[in-house]
Amino acid sequence: MLIQRVVRDLVTSKRNFWLSAKALRVVEDHRGNLEVALDPIGTKPGDFVITIGVSAARIAAGNPKITTDLTIGGIIDHWNEERWRS
Amino acid sequence: MLIQRVVRDLVTSKRNFWLSAKALRVVEDHRGNLEVALDPIGTKPGDFVITIGVSAARIAAGNPKITTDLTIGGIIDHWNEERWRS
Amino acid sequence: MLIQRVVRDLVTSKRNFWLSAKALRVVEDHRGNLEVALDPIGTKPGDFVITIGVSAARIAAGNPKITTDLTIGGIIDHWNEERWRS
Amino acid sequence: MLIQRVVRDLVTSKRNFWLSAKALRVVEDHRGNLEVALDPIGTKPGDFVITIGVSAARIAAGNPKITTDLTIGGIIDHWNEERWRS
Amino acid sequence: MLIQRVVRDLVTSKRNFWLSAKALRVVEDHRGNLEVALDPIGTKPGDFVITIGVSAARIAAGNPKITTDLTIGGIIDHWNEERWRS
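Since the structure is predicted, the reported quantities are computational estimates derived from the model, not experimental observations.

Calculation rules
Residues numbered from 1 in each chain as written. Chains lettered and ligands numbered in written order. Predicted model: local features only at pLDDT ≥ 70, side-chain atom pairs only at ≥ 80, totals over all residues. Heavy atoms only, no water. Contact = heavy atoms within 4.5 Å. Salt bridge = Lys/Arg side-chain N within 4 Å of Asp/Glu carboxyl O. Polar contact = N/O pair within 3.5 Å; in protein donor to acceptor, adjacent residues only side chain to side chain. Helix = DSSP H or I, 4+ residues; strand = E, 2+ residues; numbered from the N terminus. Nonpolar A, V, L, I, M, F, W, Y, C, P; charged D, E, K, R; others polar. Pairing = 2+ DSSP bridges. Least-squares fit on C-alpha atoms with pLDDT ≥ 70 in both. Buried < 20%, exposed > 50% of the residue type's maximum accessible area, 1.4 Å probe, protein only. Buried area = accessible area lost by both parts, 1.4 Å probe. Phe/Tyr/Trp six-rings, centres within 6.5 Å; stacked < 30°, edge-to-face > 60°.

Chemist: Help me understand the interface of chain A and chain D in this model?
Modeler: The extent of an interface is frequently quoted as the accessible surface area lost upon association of the parts. Contacts between the two partners involve 26 residues from chain A, matched on the other side by 29 residues from chain D. There are zero salt bridges connecting chain A and chain D. Scanning the region where chain A abuts chain D turns up 11 residue pairs in polar contact (both at pLDDT 80 or more). Among the elements of the structure, β1 (2-9), β5 (48-53), α1 (54-60) and β6 (70-76) of chain A are those that each provide at least two residues to the side of chain A that touches chain D. The element contributing the most residues to the side of chain A that touches chain D is α1 of chain A, with five residues. Across the side of chain A that touches chain D, the residue classes tally to 14 nonpolar, eight polar and four charged. In terms of strand pairing, β6 of chain A meets strand β2 (residues 12-13) of chain D through two bridges, oriented antiparallel. In the strand pairing of β2 of chain D, I75 of chain A is matched with S13 of chain D.

Here is the structure:
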C-alpha cells in the first residue's frame, strides 16, 4: 500500500457506470505526483491515508465490480510531512 | 486512477480480436509520456480524463474479455494544466 | 497499453511450459529500455506496436493459461520516431 | 518480490474492514522510499524482508479477501546494507 | 517479461507457507536494481533470464496458489551485457 495525502475532490462527467455516485479524491505522494483514488471511508483534504492498488482496490471498494485501481484503505494517525521519508 | 490528457486517435492493423472495432486513444501524462487507452465513453483530443488500470480496466471496458490494461473512466470537469501538479 | 518497437527475436532454453513454441520478441520503449513480449500476431523488427500488460496479456495471448505479462496487441500504422513524445 | 526493510508499525483509523486487526508495517527500499505492507509472519523494525505484490499479496495474507497489495513473505537471513545493490 | 540476471540464492526464515521449499533467486536488471524471483527451472548465478510478473507469475510457478509475483520463465541463449540496451 502507498502513503498518500488527500488533495481535493474530483468532479467528472461521462463517468464509467460502476464509478458513478462514488467519491473520488485527488491524492498526492511525497513528491507531489497526483493520482485519483476511490474513497469508501470518508476523508478530507490534508488527511494522510493508505491507498490500496491492483485487484485488491476493487475488493476494498466493497464490490469487486467497482472499476477502481486505487482505493483509500484507512487514515494514518499521527503522520506528518517529516515522516514521508525514512 | 491516473490523470491523463487525450492526444489523438490511434490506428492499428492486425489488431487483437477483442480490441478490434474499439476506439483507442493516445493519452499523455503531465510529463508528456504517451500510453494507449481504450475509450468506451467518447472523448476528444485535449480532454483531461481519468484512466483505469490493471484488471479494473477490462471491467470498465464493459466486458472483461476485452484485452485492455488502460481504460478511460471519465472526463474531468474544470481541470487545466496548472492543476497537473499540486 | 504501451507503444513499443520490436527489436529482435528472443531465443531461450528451459522455457516455461506454457510459453514453449510461442514467438517472443525483444521490444523497446522510446528511451531504449528493453522488455520481452509474446507475439501472437506476427511482427518484424522495426514495427511499432501496442503492448498489453497485466492479466489482459494472458487473454490477448489467446489462452489465459499462457504465462505472459506482456503481449503484442496490434501494429501501429503511420507511427514514427518523432511521435514517441507529444 | 522486493527486498525491503521494516521501519515501524503503522496505526490507522477508519481502516478497511478486511484490513482491520491486521499488523501493518511501514517498509522502505534501498532508496528510502516508503510503502505499507501487511505482516502475517511477525517482523520487527530493522528486519530485511521479501515483500509480495499484486494478487499474490492477497493469497500470501492467508485469505484472498484481505485487501492488501503488499505482504511480507519472509525474513531474509544474513542480509545487510552493503547487499542492497549488486 | 523482463530481462534479468541471476545474482545469488536467497535464504529466508519464517517464509510464507506457499513459498516454502521453493528456490528463490536474487535477480538484477541492467541498472543493478535487485528483485527476488521464484525459480522453477533451475538457474545459476550469471544466467540471463526472462522473468514473468503479475498474475502470470503464479501460473508460471506451476500452481496459482504459490504466492510469487515474479517467476523465472526461461534462460536466454546468447545474451551478453552489451545487449542490455538497444
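Read on, since the account is not over.
Chemist: Please clarify how the relation of the copies chain A and chain D should be interpreted in this entry.
Modeler: Each copy superposes on the other: chain A lies on chain D with an RMSD of 0.0 Å after a rotation of 72 degrees and an axial shift of 0.0 Å. Both copies of the chain, as the preceding transformation shows, are related through a five-fold rotation axis. A distinct binding surface is used by each copy, with only 12% of the interface residues of chain A retained as interface residues in chain D.

Chemist: Just checking my understanding: could you explain the pairing of strand β5 (residues 48-53) of chain E for this structure?
Modeler: Regular strands show a simple pattern: their side chains alternate between the two faces of the sheet. Residue and element names in this part refer to chain E. Burial analysis of β5 places six of its six residues in the buried class, which makes it a mostly covered element. Across the two faces of β5 the burial is the same, with F48, I50 and I52 and V49, T51 and G53 all buried. Here strand β1 (residues 2-9) pairs with β5 via four bridges, running antiparallel. Residue I3 lies in a different strand from β5, and its bridge partner there is I50. Note: β5 against strand β6 (residues 70-76), five bridges, orientation antiparallel. Bridging across to β6, I52 finds its partner in T71.

Chemist: Looking at this model, I keep getting lost on the environment of D69 of chain B. Mind explaining?
Modeler: As for its position among the elements, D69 of chain B is in the loop between α1 (54-60) and β6 (70-76). As for D69 of chain B and I3 of chain B, which are separated by 66 residues in sequence, their C-alpha atoms are 15 Å apart. Discounting chain neighbours no more than four positions away, the residues touching D69 of chain B are I52, G53, V54 and A57 of chain B together with M1, T51, I52, G53, V54 and A56 of chain C. Within the structure, D69 of chain B has its side chain in polar contact with the backbone nitrogen of M1 of chain C (distance 2.7 Å). A polar side-chain atom of D69 of chain B sits 2.7 Å from the main-chain amide nitrogen of G53 of chain C.

Chemist: Could you clarify how one ought to interpret the pattern of salt bridges in this entry?
Modeler: Any two side chains of opposite charge can pair if their charged atoms end up close together. With the rule as written, the count across this model stands at 20 salt bridges over all chains. Here R25 of chain B and D9 of chain B are joined by a salt bridge, their closest N and O atoms 2.5 Å apart. Of this pair, R25 of chain B sits in strand β3 (residues 24-28) while D9 of chain B sits in strand β1 (residues 2-9), placing them 16 residues apart in sequence. When the shortest N-O distance is used, the salt bridge between D39 of chain E and R25 of chain E registers 2.7 Å.

Chemist: Just checking my understanding: could you explain unusual backbone geometry for this structure?
Modeler: Trans is the prevailing form of peptide bonds, just as negative phi is the prevailing case for residues other than glycine. Of note, A21 of chain C is a non-glycine position whose phi angle comes to about 70 degrees, a positive value. Mapping A21 of chain C onto the fold places it in the loop between β2 (12-13) and β3 (24-28).

Chemist: Help me understand the interface of chain C and chain E, please; the structure alone is not making it clear to me.
Modeler: The interface of chain C with chain E comprises 29 residues on the first partner and 26 residues on the second. Roughly 2200 Å² is buried in total at the junction of chain C and chain E, and carbon and sulfur atoms are behind 56% of that figure. When the area that chain C buries against chain E is broken down by residue, the three leading residues are K14, L34 and D69 of chain C, summing to 24%. Inspection of the region where chain C meets chain E yields zero salt bridges. Taken together, the connections running from chain C to chain E amount to 11 residue pairs in polar contact (both at pLDDT 80 or more).

Chemist: Please explain the packing of aromatic side chains as it appears in this structure.
Modeler: All names here are of chain A. Summed over all chains, the structure comprises five aromatic pairs over all chains. Here F17 and W18 contribute two aromatic rings whose centre-to-centre distance is 5.2 Å and whose plane-to-plane angle is 85 degrees, an arrangement assigned as edge-to-face. Classification of W18 by relative accessible area gives partly exposed; the value is 31%.

Chemist: Explanation requested: the side chain of D39 of chain B in the structure shown.
Modeler: Residue and element names in this part refer to chain B. By the secondary structure assignment, D39 is in the loop between β4 (34-38) and β5 (48-53). Within the structure, the side chain of D39 is placed 2.9 Å from the backbone nitrogen of G42, a separation counted as a polar contact. Contacts of D39, omitting those with residues within four sequence positions, involve A23, R25 and I72.

Chemist: Where do I start with the relation of the copies chain C and chain E in this structure?
Modeler: Related by rotation about an axis and a shift along that axis, the two copies of the chain form a pair. When chain C is fitted to chain E, the best match, at an RMSD of 0.0 Å, comes from turning it 72 degrees and sliding it 0.0 Å along the axis. Take the interface residues of chain C: only 10% of them recur as interface residues in chain E, which is what a contact between different surfaces looks like.

Chemist: Explanation requested: the environment of E81 of chain C in the structure shown.
Modeler: All names here are of chain C. Mapping E81 onto the fold places it in the segment after β6 (70-76). Judged by relative accessible area, E81 falls into the exposed class, the value being 51%. Between the alpha carbons of E81 and H30 there is a distance of 8.1 Å; along the sequence they are 51 residues apart. Among all residues touching E81, those that are not within four sequence positions of it are R5 and F48.

Chemist: What's the story with the side chain of D47 of chain C in this structure? I'm lost.
Modeler: All names here are of chain C. Secondary-structure assignment places D47 in the loop between β4 (34-38) and β5 (48-53). Only 2.9 Å separates the side chain of D47 from the backbone nitrogen of K44, close enough to count as a polar contact. For D47, the contacting residues outside a window of four places in its chain are Q4, R5, V6 and I75.

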